[in-house]
Amino acid sequence: MMINSTIHSFKLPPYLHATTPAEVTRNQRSDVRLMTLHGDSGAWDHHTFEDIIDLLQPNDLLILNTSRTIPSSLRTVDGAEVRLSRKIDEQVWEVLILEKRLNESTTLYFDDGISASIVGPGMAPELTLIEFSIGGEGLMHFFYNHGQPITYEYIDSPWQLSHYQTVYSHQPGSVEMNSAGRAFSHKMLKQLKDKGVQIAYVCLHTGLSYYENNRWPDPLRHFEWFSVGADTVEHIYKTKKGGHRVVAVGTTVVRALESAYDPKAGLQPQEGLTNVYIKKDTTLKVVDGLITGFHEPEASHLDMLCAFVQEKKLIEAYQAAINEQYLWHEFGDLNLIWKRTYA
Amino acid sequence: MQQQKVIMITGASKGLGKALALHLAGKVHKLAICARNEEELKQVENEIHRRGAKVVAAVADVSNKKDVERFVSITENTFGKIDVLINNASVFGPGPTYLADYPDEAFEDVILSNITNPFYMTKRVLPGMLARQRGTILSITSEVGITGYAEWGAYSVSKYALEGLAAVWADELKDTGVQIVLVDPGEMDTIMHKIAVPDCNYSLSSPAQIARALQSVVLDETMSLNGKRFEAQDLIEEGPHDD
């Protein structure tokens, strides 16, 4: 499902696809650009990413997603690609099987004598549930020994798994990188702390963001596991009470935090699955600012951005980003969006 | 009973690594161990189970960063955290050999293995430790890492590098809650020592003795350890210094 909206209709020129990690073409991960966008006025400014140190204030709270990318693209012995989407239990995963002919078979065969049986449909029509012949640690070893990072068609080199990690990630489980935080280096995080910016963590394991062949996840059928701990909840209350801002690094963090918000009880420590769909009529309860990449026209992430800034202003800013040749996708440039004030 | 810690040990199939794993298993800790030899690793894993501890055992070469990612990620996935990393794995290379006679390939292999492995391992466990603002990373060094003795070859050079690695990291990590510690275990009765000193005619400590001596450095969170270098013999005789 995709809402019919102008924000989904802009054209992204092919030369704005970022194909290479910044530390490869330049020097550091942080050598990317940052566009700031103010939700109330719709005004934008151009910065380098390291300017974030000046743009955040002491006692602002930066919230990072600790989820770490696992190697999620597997090949059967026949060469068909199987992409992990979500862990169901120790042996069962929801996956995207890219070759149609395999949908007619009930068993997938991998290296090392590992196989997987198709046991049912996934939450979305494009996805399938498969049960591997092994589980637990053994299955994880298989993923790490034989899996590769998922790469989309705009990537022309096989980058290593380490290129698909943020420097602070440590809970394995995402099938795609939480790319908004990719540009942070340990040095920048230290500089932010030295300035007095606070840091807290949530975990949300990402599912697949794209099903190929112009098929995109329906947010309402897109379940992801998340965890918001008591320490982070306490940190957020303290930040809000002090009149400071909560800044999410990535749409995954927004999804986790807003999922943990209870209309009656307020923000609560919580973990479980979420299919919350944040869109333009959603009133954000927790997050004041968002650092995120630039999203493709079809991505539902754009609907979430419309909860921060009016759609008309967002499309104007995106057009400015295109004119200024900001780069898109996981290795691209970044956008800091300050939430509009709700009436 | 002490708090359950997750302790990760590289090169745990023999020598000091094995002795540490078995000693700490007796304290009912959760262990993550790796080694290149599957059969020897399996034996240690079974012994740890017999002692009542939980263990993740991975066949891994920690000078290979793909193996490091797999070993650490599976441990984090299983136990949720790593409290202590013991960078124990290292290779000696050829027995007593003048540097002038040292085979080029062996020199490269020893240097690469002994320097990249603690770098990869430390870098990989840091994110979790920094998020929790606590953790200990202990690397096993040697007297030949501060004094050059003839015929200890690339091993000695690599331990000098390890000492430098630890010093830089200790400075960068001060005030983070993560502690970088070096321990010189002294000369022990191990296979590596037989390679280094084939005609040894003096008494040596056993790895088990050294493992017991290191317990306080590994487990005591009250000490301020960052940037410290201990000699195991001092720990046996006096307990750790904090000066």
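Structure report, in brief. Keep in mind the model is a prediction, meaning the values are calculated, not measured.

**Notes on a nonpolar patch on the surface**
All names here are of chain B.
Turning to step 1, where the next piece is worked out: Residues Leu99, Phe107 and Val157 make up a contiguous nonpolar surface patch of about 240 Å² in total accessible area.
Turning to step 2, where the next piece is worked out: Relative to the assigned elements, valine 157 resides in helix H5 (residues 153-172).
Turning to step 3, where the next piece is worked out: Among the residues examined, valine 157 registers a relative accessible area of 35% and is labelled partly exposed.

**With respect to the interface of chain B and chain A**
Turning to step 1, where the next piece is worked out: Each side of the interface is counted separately: chain B has 18 residues, and chain A has 16 residues.
Turning to step 2, where the next piece is worked out: Together chain B and chain A conceal approximately 1,600 Å² of surface at their shared face, both sides included; 55% is due to carbon and sulfur atoms.
Turning to step 3, where the next piece is worked out: Glutamate 69 of chain B is paired through a salt bridge with arginine 68 of chain A; the nearest N and O atoms lie 2.7 Å apart.
Turning to step 4, where the next piece is worked out: Our enumeration of links across chain B and chain A arrives at five residue pairs in polar contact (both at pLDDT 80 or more).

**Details of the sheet that holds strand E9 (residues 115-121) of chain A**
Residue and element names in this part refer to chain A.
Turning to step 1, where the next piece is worked out: Across the sheet, six strands lie side by side as E5-E6-E7-E10-E9-E8; this open sheet has antiparallel pairing. The strands lining the two open edges of the sheet, one partner per strand, are strand E5 (73-75) and strand E8 (107-109). With direction set aside, neighbouring strand axes in the sheet form an average angle of 40°.

**Concerning the pattern of salt bridges**
Turning to step 1, where the next piece is worked out: This model, assessed by the stated rule, comprises 27 salt bridges over all chains.
Turning to step 2, where the next piece is worked out: Where glutamate 23 of chain A meets arginine 182 of chain A, a salt bridge forms, and the shortest distance between an N and an O atom there is 2.6 Å. Taken as a pair, glutamate 23 of chain A in helix H1 (residues 22-25) and arginine 182 of chain A in the loop between strand E11 (171-174) and helix H5 (186-195) lie far apart in primary sequence, 159 residues in all.
Turning to step 3, where the next piece is worked out: The exposure class assigned to arginine 182 of chain A is buried, which follows from its relative accessible area of 4%.
Turning to step 4, where the next piece is worked out: Residue glutamate 90 of chain A pairs with lysine 87 of chain A through a salt bridge whose shortest N-O separation is 3.1 Å.
Turning to step 5, where the next piece is worked out: Note on glutamate 90 of chain A: relative accessible area 44%, which makes it partly exposed.
Turning to step 6, where the next piece is worked out: Overlapping salt bridges, with partners in common, bring together Arg68 of chain A together with Glu69, Glu76 and Arg124 of chain B in one network.

**Some points on the environment of leucine 257 of chain A**
All names here are of chain A.
Turning to step 1, where the next piece is worked out: Take leucine 257: it is sitting in helix H7 (residues 251-259).
Turning to step 2, where the next piece is worked out: Take leucine 257: its relative accessible area is 0%, and that puts it in the buried class.
Turning to step 3, where the next piece is worked out: A C-alpha to C-alpha distance of 6.7 Å links leucine 257 and valine 286, two positions 29 residues apart in sequence.
Turning to step 4, where the next piece is worked out: The contact partners of leucine 257, leaving out residues within four places of it in the chain, are Ile63, Val202, Val228, Ile236, Val246, Leu267, Val286 and Val287.

Definitions and limits used
- Residues numbered from 1 in each chain as written.
- Chains lettered and ligands numbered in written order.
- Predicted model: local features only at pLDDT ≥ 70, side-chain atom pairs only at ≥ 80, totals over all residues.
- Heavy atoms only, no water.
- Patch = residues over 30% accessible without salt bridge, like charges linked within 9 Å, V, L, I, M, F, W, Y side chains within 5 Å.
- Areas by Shrake-Rupley, 256 points an atom, 1.4 Å probe, with all protein chains shown as cover.
- Salt bridge = Lys/Arg side-chain N within 4 Å of Asp/Glu carboxyl O.
- Helix = DSSP H or I, 4+ residues; strand = E, 2+ residues; numbered from the N terminus.
- Buried < 20%, exposed > 50% of the residue type's maximum accessible area, 1.4 Å probe, protein only.
- Contact = heavy atoms within 4.5 Å.
- Buried area = accessible area lost by both parts, 1.4 Å probe.
- Polar contact = N/O pair within 3.5 Å; in protein donor to acceptor, adjacent residues only side chain to side chain.
- Pairing = 2+ DSSP bridges.
- Axes fitted to C-alpha atoms, helices over the stretch in contact; angles between N-to-C directions.

By themselves, these figures tell us nothing about what the structure is for.
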